Amino acid sequence: MRILWDGFVEAWRLLLGGDAEIYQITLRSLWVSGLALLIAVVAGVPLGGLVALRDFRGRRFTVAAINTGMAAPPVVVGLLVALFLTRNGPLGEFRLLYTTWAMVIAQLVIALPIVIGLSLAALQQLEPGLRQQIAALGAGRLQGFLLQLREIRVALLASVMAAFGAVISEVGAVMMVGGNIRGQTQVLTGAIVQETRIGRFATAIALAIVLMVLAFGANFVLTMIQQQGRRRA
Amino acid sequence: MTNAASRPDDGSAPASAATGALQPGRHGAAAAPVLEARGLQVVRGGRVLAAADDLTLHAGRVHVLLGANGAGKSTLLKALDGLETARGELRFEGRAVATAAARLALRRRTAAVFQRAYLLNTTVLGNVESGLRLRGVPRAAARERAGAALGLLGITHLRERKPARLSGGEAQRVSIARALAVDPAVLFLDEPLASLDPPTRRSLTDDLLGIFAETAMAVVWVTHDRDEALAVGDAVSFIEEGRIVQSGAALDVFAHPVSTSFATFLGLDTYLEGVVTNFGDAVTRLALTGGAVLVCGEAPDGPAVACLPPEDVVLFTAPPAEHSASLRNLLPGKVKGVRPAGRLLIVTVAADGLEVAALVTRAAFDDLGLTVGGAVLAAFKASAVHPIPRHERRPA
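Residues numbered from 1 in each chain as written. Chains lettered and ligands numbered in written order. Predicted model: local features only at pLDDT ≥ 70, side-chain atom pairs only at ≥ 80, totals over all residues.

### Remarks on the pairing of strand β1 (residues 33-44) of chain B
Residue and element names in this part refer to chain B.
Argument step 1. The sheet contact formed by β1 and strand β2 (residues 47-58) spans 10 bridges and is antiparallel. Each residue of the ladder has a partner; that of R38, found in β2, is D54.
Argument step 2. The turn joining β1 and β2, which pair antiparallel and follow one another in sequence, is formed by 2 residues; a positive phi near 55° is taken by G45.
Argument step 3. As paired strands, β1 and strand β4 (residues 87-92) are joined by 5 bridges and run antiparallel to one another. The residue bridging E36 from the neighbouring strand is R91, located in β4. (Pairing = 2+ DSSP bridges. Helix = DSSP H or I, 4+ residues; strand = E, 2+ residues; numbered from the N terminus.)

### Overview of the environment of P163 of chain B
Residues and elements named next belong to chain B.
Argument step 1. On the secondary structure map, P163 appears in the loop between α4 (139-152) and α5 (168-181).
Argument step 2. You can call P163 buried: it has 21 C-beta atoms within 10 Å.
Argument step 3. Along the backbone, P163 and L119 are 44 residues apart, and their C-alpha atoms lie at a distance of 6.5 Å.
Argument step 4. Apart from the residues within four sequence positions on either side, P163 is in contact with L119, N121 and A171. (Buried ≥ 20, exposed ≤ 12 C-beta atoms within 10 Å, placed from the backbone. Contact = placed C-beta atoms within 7 Å.)

### A short note on the pairing of β4 of chain B
All names here are of chain B.
Argument step 1. Here β4 pairs with strand β5 (residues 95-96) via 2 bridges, running antiparallel. Residue R91 lies in a different strand from β5, and its bridge partner there is A96.
Argument step 2. Between β4 and β5, which follow one another and run antiparallel, lie 2 residues, and E93 among them has a positive phi close to 50°.

### So, the sheet that holds strand β14 (residues 302-308) of chain B
All names here are of chain B.
Argument step 1. Read across the sheet, 5 strands follow the order β13-β12-β11-β14-β20 without closing on themselves; strand pairing throughout is antiparallel. Edge positions in the sheet fall to β13 (293-296) and β20 (386-389), since each of these pairs with one other strand and no more. Recorded for the sheet is a direction-independent mean angle of 40° between the axes of neighbouring strands. (Axes fitted to C-alpha atoms, helices over the stretch in contact; angles between N-to-C directions.)

### A word on the packing of helix α3 (residues 124-134) of chain B against α4 of chain B
All names here are of chain B.
Argument step 1. Put simply, α3 and α4 touch, their axes get as near as 9 Å, and they point 125° apart. Regarding the angle of α3 to α4, the classification is oblique. The hand of the α3/α4 crossing is right-handed. Contacts between α3 and α4 involve L125, V128, E129, L132 and R133 on the former and, on the latter, A142, R143, R145, A146, A149 and L150. (Parallel < 35°, antiparallel > 145°, perpendicular 65-115°, else oblique. Left-handed = near helix turned anticlockwise from the far one by under 90°.)

### What to know about the nonpolar core
Across soluble globular proteins, nonpolar side chains show a tendency to be buried alongside one another.
Residue and element names in this part refer to chain B.
Argument step 1. Core analysis: the largest hydrophobic core is formed by 119 residues, its most contacted members being V64, A177, V220, A250 and A378.
Argument step 2. In terms of residues, this core owes the most to one element, α5, which gives 7 residues.
Argument step 3. If near-sequence neighbours (up to four positions away) are discounted, V220 is found in contact with L57, H63, L65, L77, L80, V186, F188 and L189. (Core = buried A, V, L, I, M, F, W, Y, C linked by C-beta atoms within 7 Å.)

### Comments concerning the interface of chain A and chain B
Argument step 1. Counting residues at the interface gives 15 residues for chain A and 18 residues for chain B.
Argument step 2. Elements with a minimum of two residues in the side of chain A that touches chain B: α6 (128-136) and α7 (141-151) of chain A.
Argument step 3. The element that contributes the greatest number of residues to the side of chain A that touches chain B is α6 of chain A, accounting for 6 residues.
Argument step 4. Residues belonging to the side of chain A that touches chain B are distributed by class as follows: 6 nonpolar, 6 polar and 3 charged. (Nonpolar A, V, L, I, M, F, W, Y, C, P; charged D, E, K, R; others polar.)

Nothing here speaks to function; it is geometry throughout.
Shown next as structure tokens:
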């Protein structure tokens, strides 16, 4: 019990004292996950729209693949990305393995199906009649798509937050492709693993607090926006 | 214009009739063609879902697409509005609408209201502005025009309200205001009243007809309701299995259905046109265009059409003494024709410049000793005549 208490006290001391390493790790986490998320949203929402609104051969298979991707275990993603980036792999020449870029790629692979899948589902739930009404209002293809995104804005935000939650808290993929190298590729989750392993519980707890704040913060923002959407509706 | 219905001979009527350019409507003004469809077909999976061989919409006219549910009316409406791809020729203001870009251009000159008001998740004002904004109208101008449209529909007080807090009738008014705000050349209304309660339906119909009377837009009004068609339509096209079976001036089409299925759809009612007048003696009268004056059910003064169900018409060979108090309308005439309707008979009576259909039992027919050409009295209560107000439209 004492070890836990001492750990917490020390953790708060580190956080409030502005421990440089903790802040560096936090910033790296935010940068890796944030960039992966940004790319996932920019690419994933239009892709979700394409799958939701277009009829094409293999559409069912594509949807099934996306849904499977949403549930892909991070370690499996890490393994796949590592295989592609390893020196003898298809993308080995770019020498990305054990860099933050490799981590961004791995987290992108995790986040992308979530963003595509959730925006696809939200778009499909829009009534066909509304889509038709939007066209009848004189919307061009892009205008119509943007107007539909506006209609599903709460669901879109949920998909962004869900993806953020998934990438900020995953440990398997980033450790496999980033190597969890202290000062270079170590992010919050990897650092917690390492600090716990070597018995520096206070630092591990401090890092865990930061991670929890980020994860809860994201969910809090999401909940607030959803509730506001409900109140206004 | 004929003001009384005559039934088609069973099966002998031609399966299709002229569906071409409408004759000048009841106001006589020649209106400009806005949208023309020639050999237009919506084909899906090898099946023709809707077709218009020859259909012309004119400025300032309400063209009703009438038919049973699933007849293809809505599909045809969508094809005419460029919402469905279709084979054949569609011309808007003389220009062919053949490409996706041309269909978009068409939709930007038209507006559509559907049975359900599909409103965007923004304020009422935001909704009414949306069509204008999508068409590139600057925000300030869009806001002004949207405000005017809200005023036209009497819903200015709802401008900041969200769609979830609107009643069905209010939502449909917003949808209509949104359509009118863009000042469309053609307004498409797909069963706009179908999901509303009767009082809301009546008030909205009155408002719409008032608005139409003040504008020169062409209106396409899809409905399965014959009374609605009669009340709003300058022209009516009857649609069956995706095809226009009959098209023409509303009263003409109703009075002379060319197919038995259309006649069945219309019911066996006699359709009358005239002007309702209340003289202050608690009696409402309908002066028919043919000259006869009938005592009818309550209705506001003004032009109206009326249905007279044949089961409400009683035939006599001599004036009925004891019934005369309630049978306010007593028309002397001659039996023009007799035909079976199931176990009953439809007797057509030519009386006082109009034709009235009466449904009688075979026994009654024999008892009265009726013969074609023989004298007869057609009698019916005032309440049997239901006038439906029609708004006169300003000649376009």
